[in-house]
Amino acid sequence: MKKIIIGIFSLFLLVSCGNSIKTYSKEEKQKMIELSDQNSKSKQELENILKDLKEKANKGNNKAESEYEEFMTLINSRVKIRQTTPIKL
């Protein structure tokens, strides 16, 4: 009986400590950023994803930190492109 209880407890511990970070490809991230510019609901979803990633990154999750940095790089590069003045010939 003890072995069964310890086994169940161990399994529960492994499941609860699992990594729950959803990763996105670069193309998916760019689409999400583009949609957030057009749709307030998409913007709120992206903000929630970024908030969650930042919280997990602050707790020491390297995968979440990497995802957050990739999102921020794409967002910042998008802003820089918009701020540049067009070249007139």
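It should be noted that the structure appears before, not after, this text.
Let me sum up the structure you'll find in this document. (Residues numbered from 1 in each chain as written. Predicted model: local features only at pLDDT ≥ 70, side-chain atom pairs only at ≥ 80, totals over all residues. Heavy atoms only, no water.)

Once that is clear, we can look at the side chain of glutamate 67. Considering the arrangement of structural elements, one finds glutamate 67 in helix α4 (residues 62-83). Looking at glutamate 67, the relative accessible area reads 6%, which means it is buried. At a separation of 3.4 Å, a polar atom in the side chain of glutamate 67 contacts the main-chain amide nitrogen of tyrosine 24. A distance of 3.4 Å separates polar atoms of two side chains, one belonging to glutamate 67 and the other to lysine 29. Ignoring any residue separated from it by four or fewer positions in sequence, one finds glutamate 67 in contact with Ile21, Lys22, Thr23, Tyr24, Lys29 and Leu53. (Helix = DSSP H or I, 4+ residues; strand = E, 2+ residues; numbered from the N terminus. Buried < 20%, exposed > 50% of the residue type's maximum accessible area, 1.4 Å probe, protein only. Polar contact = N/O pair within 3.5 Å; in protein donor to acceptor, adjacent residues only side chain to side chain. Contact = heavy atoms within 4.5 Å.)

What follows covers the packing of aromatic side chains. A complete count under the given rule lists one aromatic pair for this structure. Their ring planes at 70° and their centres at 6.0 Å tell us that tyrosine 24 and phenylalanine 71 sit as a pair that is edge-to-face. Of this pair, tyrosine 24 sits in the loop between α1 (2-16) and α2 (26-38) while phenylalanine 71 sits in helix α4, placing them 47 residues apart in sequence. Accessibility expressed as a relative area gives 18% for tyrosine 24, which makes it buried. Positioned above the aromatic ring of phenylalanine 71, the side-chain terminus of lysine 29 is 5.4 Å from the ring centre. (Phe/Tyr/Trp six-rings, centres within 6.5 Å; stacked < 30°, edge-to-face > 60°. Lys NZ or Arg CZ within 6 Å of the ring centre and 35° of its normal.)

The analysis is restricted to geometry; functional conclusions fall outside its scope.
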